[in-house]
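Tertiary structure, described
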Amino acid sequence: MNQDEPIIRIRGLRNQFGSQVVHENLDLDVYRGNIIGVVGGSGSGKSVLLRSIIGLGRPAAGSIRLFGEEVSTLSDSRRALIERRCGVLFQNGALFSSLTVAENVAVALTEHHDLDPQLVVQLSNLKIALAGLPLEAGDKYPSQLSGGMVKRAALARSLALDPDILFLDEPTAGLDPIGAAAFDQLILTLRDSLGLTVFLITHDLDTLYTICDRVAVLADKRILVADSLDVVETNSNEWIQEYFQGPRGRAAQRAAANHTDQHAGH
């Protein structure tokens, strides 16, 4: 695929469960190296969209191209290669509760590669450190971790195979504002240092204003707009106006502006 071609290209997507249509004629492009935030009301199908892209749900119609390849027509071997280039952080972490953090991270490494056990330990430790966890967290079980540490442990596991794209489903949900801000900065650092593309489902306005290059709004079963925030904010759609121009939206705008001013002053 050439550099200008979207790393994810969706056209005419329809998802439905029985007679309930979740998405109809949905189009979206995601560009390499971007952090794109996907927002939408409750029940608008944000997680369904993510699952369609990574191949966990088969759409009723339409086309999803990932790395230039049509997802629906991939052979099993080709699909496995594509899947290895995608790291996924599910909403509640979805860690194996009977495994330690290090063992959780090691699962993908041992599943996809025939590696020396000592190397697996070293690589697991590296991913744990990349996710901003202390090394001793590797020996802990998910039940022994705080909510923020569970998110980071799940992030470490999603980084296990050195993915090109990170898919994050509500990564800061349930975190306190300081923990959420720290997680946002970690995502930004990882994107810049590892050259990742990040597809991020969130309702956290601070996240949108702090780290997203583009924002896609999912409403009325499709993507209404996908662009930079200053463009999205001016869209006349009622839900968009309520979401971005309400008190919380304006507070997030001010916080992001202050953050930018502080950095400019350094």
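Note that this is a predicted model, so its numbers are computed, not measured.

Turning our attention to the overall build of the protein chain. Along its length, the protein chain carries 10 helices and 10 strands. Relative to the 2.2 N^0.38 estimate, which gives 18 Å for 266 residues, the radius of gyration of the protein chain is 19 Å and therefore close to what a compact globule would have. When the backbone C-alpha atoms are referred to their principal axes, the protein chain occupies close to 55 × 50 × 35 Å. A buried classification covers 47% of the 266 residues belonging to the protein chain. Looking at the protein chain alone, contacts between residues at least 24 apart form 65% of all its contacts between residues at least 6 apart. Total accessible area on the protein chain is roughly 12,900 Å²; 49% of this is exposed by carbon and sulfur atoms. A distance of 4 Å separates the average location of the 24 positive side-chain charges in the protein chain from that of its 32 negative side-chain charges.

Moving on to the environment of Thr202. Within the element layout of this structure, Thr202 appears in the loop between strand E8 (197–201) and helix H7 (205–211). By relative accessible area, which is 1% here, Thr202 ends up buried. Residues Thr202 and Gly37, spaced 165 residues apart in sequence, show a C-alpha to C-alpha distance of 6.5 Å. With sequence-adjacent residues up to four places away left out, Thr202 is seen in contact with Val38, Val39, Glu170, Thr172, Thr207, Leu208 and Tyr243.

In this section: the pairing of E8. Counted residue by residue, E8 has five buried out of five residues, so it is predominantly covered. Here strand E7 (residues 165–169) pairs with E8 via five bridges, running parallel. For Asp169, the partnering residue across the bridge sits in E8 and is Ile201. One crossover worth recording links E7 to the parallel E8 by way of helix H6 (residues 177–194), and it is right-handed.

All chains considered together, the criterion is met by six salt bridges. The salt bridge partner of Asp162 is Lys127, with a shortest N-O separation of 2.4 Å. Of the two residues, Asp162 sits in the loop between helix H5 (147–158) and E7 while Lys127 sits in helix H4 (residues 117–130), which places them 35 residues apart along the sequence. By relative accessible area, which is 4% here, Lys127 ends up buried. A salt bridge links Arg191 to Asp213; the nearest nitrogen and oxygen atoms lie 2.8 Å apart. Remark: Asp213 occurs in the loop between H7 and strand E9 (214–219) and Arg191 occurs in helix H6; sequence separation between them is 22 residues. A relative accessible area of 14% places Arg191 in the buried class. Sharing partners across several salt bridges, the network here consists of Arg191, Asp192 and Asp213.

Right, let's get into the packing of aromatic side chains. Per the counting criterion, the structure on display carries four aromatic pairs. Each ring, one from Trp239 and one from Tyr243, has its centre 4.7 Å from the other, and the planes form 15°; the classification is stacked. Placement of both Trp239 and Tyr243 in helix H9 (residues 238–245) is noted, with a separation of four residues, approximately one turn of the helix. Looking at Trp239, the relative accessible area reads 26%, which means it is partly exposed. Following the ring pairs from residue to residue traces out a cluster consisting of Tyr209, Trp239, Tyr243 and Phe244. One residue, Arg85, lies across the ring of Phe67, its end atom 3.7 Å from the ring centre. One residue, Arg157, lies across the ring of Phe96, its end atom 5.9 Å from the ring centre.

Sheet strands pair by backbone hydrogen bonding; their relative direction is either parallel or antiparallel. The antiparallel open sheet is built from four strands, whose spatial order is E2-E1-E4-E5. Whereas interior strands pair on both sides, the edge strands pair on one side only; in this sheet they are strand E2 (20–30) and strand E5 (69–70). Sitting on the sheet, helix H1 (residues 46–53) touches strand E1 (8–17), E2 and strand E4 (61–66), and the angle it makes with E1 is about 120°.

Procedures and definitions
Residues numbered from 1 in each chain as written. Predicted model: local features only at pLDDT ≥ 70, side-chain atom pairs only at ≥ 80, totals over all residues. Heavy atoms only, no water. Helix = DSSP H or I, 4+ residues; strand = E, 2+ residues; numbered from the N terminus. Rg over C-alpha atoms; globule rule 2.2 N^0.38 Å. Buried < 20%, exposed > 50% of the residue type's maximum accessible area, 1.4 Å probe, protein only. Contact = heavy atoms within 4.5 Å. Areas by Shrake-Rupley, 256 points an atom, 1.4 Å probe, with all protein chains shown as cover. Lys, Arg positive; Asp, Glu negative; His and termini not counted. Charge placed at Lys NZ, Arg CZ, Asp CG, Glu CD. Pairing = 2+ DSSP bridges. Right-handed = clockwise from strand over helix to strand, strands pointing away. Salt bridge = Lys/Arg side-chain N within 4 Å of Asp/Glu carboxyl O. Phe/Tyr/Trp six-rings, centres within 6.5 Å; stacked < 30°, edge-to-face > 60°. Lys NZ or Arg CZ within 6 Å of the ring centre and 35° of its normal. Axes fitted to C-alpha atoms, helices over the stretch in contact; angles between N-to-C directions.

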